[in-house]
2 protein chains.
Amino acid sequence: MELNEFVKKGHELYLRHISIDCVIVGFHDEQLKVLLLKWKENGQWCLPGGFVRKDDSLDVAATRILRERTGLQDLYLQQFHTFGDPARERNKEQFLWPRTMPPGSWMHDRFISVGYYALVEFSQVTPQPDLLTDECHWCDIHDVPDLIYDHNAILDKALETLRMRLNDYPVGLNLLPARFTMPELQRLYETILDTPLDRRNFQKKMLAFGILERLTERKTGGAHKAPYLYRFDRKKYEKALKQGLKFGF
Amino acid sequence: MELNEFVKKGHELYLRHISIDCVIVGFHDEQLKVLLLKWKENGQWCLPGGFVRKDDSLDVAATRILRERTGLQDLYLQQFHTFGDPARERNKEQFLWPRTMPPGSWMHDRFISVGYYALVEFSQVTPQPDLLTDECHWCDIHDVPDLIYDHNAILDKALETLRMRLNDYPVGLNLLPARFTMPELQRLYETILDTPLDRRNFQKKMLAFGILERLTERKTGGAHKAPYLYRFDRKKYEKALKQGLKFGF
DNA sequence: TATCATTGTGTTACGACTACACAATTAACC
DNA sequence: GGTTAATTGTGTAGTCGTAACACAATGATA
């Protein structure tokens, strides 16, 4: 769709007042990363987002938005909060281009935004900007700049939710590649929790859940002793999820 | 506001496409109760709900709705999920009265509904119906009838969320009267978790958090040994909340 | 005054988590 | 080729928290 058509006909295609913002989280270089977009005109950064087509559910809309930005079909997607403060789009005018989106355009409406976060495998993603942006990059969560509207608050809430969920959801399957080492898994948890963990106890705890399978193969190429590779045992993973896990971090 | 005015002018006053549904939870007779409303015309039951005024935040709107139904100013209120399946209002027409809300009325729009749950002290509530309903009652959560739209699903999700939160939030302060006995507190937890707990271990665990204060007074009138009364120590309660609790049920 | 359901309390056993050390491996360096 | 440095793999002892459990005291009721 063209930008002009989008601005002109958006209000016919999408539900008014409702938007979706996505916090797309990846893990790389021992750090959590989020996908950010750079606004075309003023260079400000924002979270990937979009709108809800008149016949789409929220989940479907979020899935579409994520697919457009990442190229991924299947990803772990969780709605986490809906943001509806009338002041959340403070200084909105400064982000809308008068020629393209003149006052009176549906883009000037007040929006309630449904927040989703997605956990993705970093290497599988090919970031793609949308109609309103010309760059799409991963950004270390410690280096996130000022974002438009209340997007910093949305990001914070997403990460807070992710940390809470860490106790009952094994994020490794979604954030790590199919085969990974125990130290990699540990770094992931240490990064999210922002605290160091004991190697041996971590391994014992993880293996105790019985959702990991150790392969005979080891990961070579590193500068030190080659660690074993692991992968998630899908069946046991699903089963354990249904029964409810208690990580207790 | 009159019903007619509400139907005629609602779309000017409220954000379109957006509603709020509330799961108001109380505790009485050793059971969890929810507040339900009975539709005027067809006698169907539903959750209390409402709409968002153009200048109100979601939280403010939810607070207003809850105040109108319960008479309470301050209550514990949590947004828990937003429901946006286009099929969620299946058979909607059957709940709208053609004479009052003719086709074309804003009430026929598709609505995205933001779900809130509230924990209230049962005895403080004076249930009040709204414009569209003529009854407002507490209902035991085990006896909830078929509700309109997807309200049963909304209720289930709220209770699921409540159960999850039980591990990091002490619900007693909101659901019990100011002064209560340890057995009463235990019944509350047993009811929510739907599992029996050991008296002694429960007491030890609760007291270990240091957020309860035992009064010298005992509760008399029961047919047996008079149990001590307790109350929450507000300061320690707030402090513990900020630090994060781990109940571990 | 006896009864009965319920409350208040402490100890022990078990299991989970924490802290901790040494041998093996691998690439890199000389 | 031998040495070095960083990292991985593994087990045990101590501590803490949790779970299981029994008996004396109370207070209304009969």
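Residues numbered from 1 in each chain as written. Chains lettered and ligands numbered in written order. Predicted model: local features only at pLDDT ≥ 70, side-chain atom pairs only at ≥ 80, totals over all residues. Heavy atoms only, no water.

1. Here's the deal with the packing of aromatic side chains
Residues and elements named next belong to chain B. In this structure the tally under the stated criterion is 44 aromatic pairs over all chains. Ring centres of Phe80 and Phe83 lie 6.0 Å apart, and the angle between their planes is 70°; on these two criteria the pair is classed as edge-to-face. No difference in accessibility class separates Phe80 from Phe83, as the two residues are buried. Positioned over the ring face of Tyr228 is Arg218, at 4.0 Å from the centre of the ring. (Phe/Tyr/Trp six-rings, centres within 6.5 Å; stacked < 30°, edge-to-face > 60°. Buried < 20%, exposed > 50% of the residue type's maximum accessible area, 1.4 Å probe, protein only. Lys NZ or Arg CZ within 6 Å of the ring centre and 35° of its normal.)

2. Structural notes on the protein's contact with DNA strand C
The environment of DNA strand C is formed by 20 residues, the closest being Arg200(A), Gly222(A), Arg199(B), Arg200(B) and Tyr228(B). Here, DNA strand C places atoms within 4 Å of the protein, and 43% of those atoms are sugar or phosphate. In this structure, a base oxygen belonging to DNA strand C sits 3.0 Å away from a side-chain N or O atom of Lys204(B). Take Arg214(B): an N or O atom from its side chain is 3.4 Å from a phosphate oxygen of DNA strand C. Contributing elements (two or more residues each) for the surface near DNA strand C: α6 (199-208) of chain A together with α6 (199-208) of chain B. For the surface near DNA strand C, the class distribution of residues is five nonpolar, five polar and ten charged. (Near = heavy atom within 4 Å. Polar contact = N/O pair within 3.5 Å; in protein donor to acceptor, adjacent residues only side chain to side chain. Helix = DSSP H or I, 4+ residues; strand = E, 2+ residues; numbered from the N terminus. Nonpolar A, V, L, I, M, F, W, Y, C, P; charged D, E, K, R; others polar.)

3. Focus: the relation of the copies chain A and chain B
The two copies are related by a screw operation: chain A maps onto chain B through 180° of rotation and 0.0 Å of translation along the axis, at an RMSD of 0.0 Å. Taken together, the rotation and translation relating the two chain copies correspond to the operation of a two-fold axis. (Least-squares fit on C-alpha atoms with pLDDT ≥ 70 in both.)

4. What to know about the domain arrangement of chain A
All names here are of chain A. What the domain assignment lists for chain A is domain 1 (3-165) and domain 2 (172-243). Spacing between the C-alpha centres of domain 1 and domain 2 amounts to 31 Å. Both faces considered, domain 1 and domain 2 share a buried interface measuring about 1000 Å² in area, 66% of it formed by carbon and sulfur atoms. Of all residues in domain 1, Phe27, Glu121 and Arg163 bury the most surface against domain 2, accounting for 47% of the area lost on that side. Here domain 1 and domain 2 share one salt bridge between them. The shortest N-O distance in the salt bridge between Arg187 and Glu30 comes to 3.3 Å. The tally of links from domain 1 across to domain 2 stands at four residue pairs in polar contact (both at pLDDT 80 or more). When grouped by side-chain class, the residues that make up the side of domain 1 that touches domain 2 number eight nonpolar, two polar and three charged. (Domains from an automatic or database assignment. Buried area = accessible area lost by both parts, 1.4 Å probe. Salt bridge = Lys/Arg side-chain N within 4 Å of Asp/Glu carboxyl O.)

5. Regarding the packing of helix α5 (residues 182-193) of chain A against α6(A)
Residues and elements named next belong to chain A. Between α5 and α6, whose axes approach to 10 Å, the crossing angle comes to 95°. Of the possible angle classes, the one that applies to α5 and α6 is roughly perpendicular. Contacts from Met182, Leu185, Gln186 and Tyr189 in α5 reach Arg199, Phe202, Gln203, Met206 and Leu207 in α6. (Axes fitted to C-alpha atoms, helices over the stretch in contact; angles between N-to-C directions. Parallel < 35°, antiparallel > 145°, perpendicular 65-115°, else oblique. Contact = heavy atoms within 4.5 Å.)

6. Thoughts on the pattern of salt bridges
When the charged atoms of two side chains lie near each other, side chains of opposite charge can form a pair. All names here are of chain B. Taken as a whole and judged by the stated rule, the model has 34 salt bridges over all chains. We note a salt bridge from Glu89 to Arg88, for which the minimum N-O separation is 3.8 Å. For the pair Glu89 and Arg88, a shared accessibility class is recorded, and that class is buried. Taking the shortest distance from any N to any O, the salt bridge between Glu184 and Lys219 comes out at 2.5 Å. Highlighted residues: Glu184 in helix α5 (residues 182-193) and Lys219 in the loop between β9 (212-218) and β10 (228-232), separated in sequence by 35 residues. With relative accessibility at 37%, the residue Lys219 sits in the partly exposed group.

7. Notes on the sheet that holds strand β8 (residues 180-181) of chain B
Two orientations exist for strands paired in a sheet by backbone hydrogen bonds: parallel and antiparallel. Residues and elements named next belong to chain B. Taken in spatial order, the three strands make up an open sheet running β8-β10-β9, and their pairing is antiparallel. Edge positions in the sheet fall to β8 and β9, since each of these pairs with one other strand and no more. One ladder, built from four bridges, connects β9 with β10; its direction is antiparallel. The partner of Arg214 across the bridge, within β10, is Tyr230. (Pairing = 2+ DSSP bridges.)

8. Brief notes about the UniProt feature "domain: Nudix hydrolase" (unreviewed entry) in chain A
Feature annotation in UniProt places "domain: Nudix hydrolase" (unreviewed entry) on residues 15-163 of chain A, given in this structure's numbering. Each end of residues 15-163 of chain A is marked by a C-alpha atom, and these two atoms are 32 Å apart; helix forms 17% of the span and strand 36%. (UniProt positions renumbered as here; feature names shortened; annotations may be inferred.)

9. Focus on the protein's contact with DNA strand D
Surrounding DNA strand D, one finds 20 residues, the nearest of these being Arg199(A), Lys204(A), Tyr228(A), Arg200(B) and Lys225(B). Within 4 Å of the protein, atoms of DNA strand D come from sugar and phosphate in 44% of cases. Take His224(A): an N or O atom from its side chain is 3.2 Å from a base nitrogen of DNA strand D. In the environment of DNA strand D, a base nitrogen lies 3.3 Å from a nitrogen or oxygen atom belonging to the side chain of Lys204(B). Broken down by secondary-structure element, the contributors of at least two residues to the surface near DNA strand D are α6 of chain A together with α6 of chain B.

10. Considerations on α6(B)
For α6(B), the capping residue at the N-terminal end is Asp198(B), with a side-chain oxygen 3.0 Å from the backbone nitrogen of Arg200(B). Positioned one or two residues after α6(B), Gly210(B) has a phi angle of 70°, which is positive.

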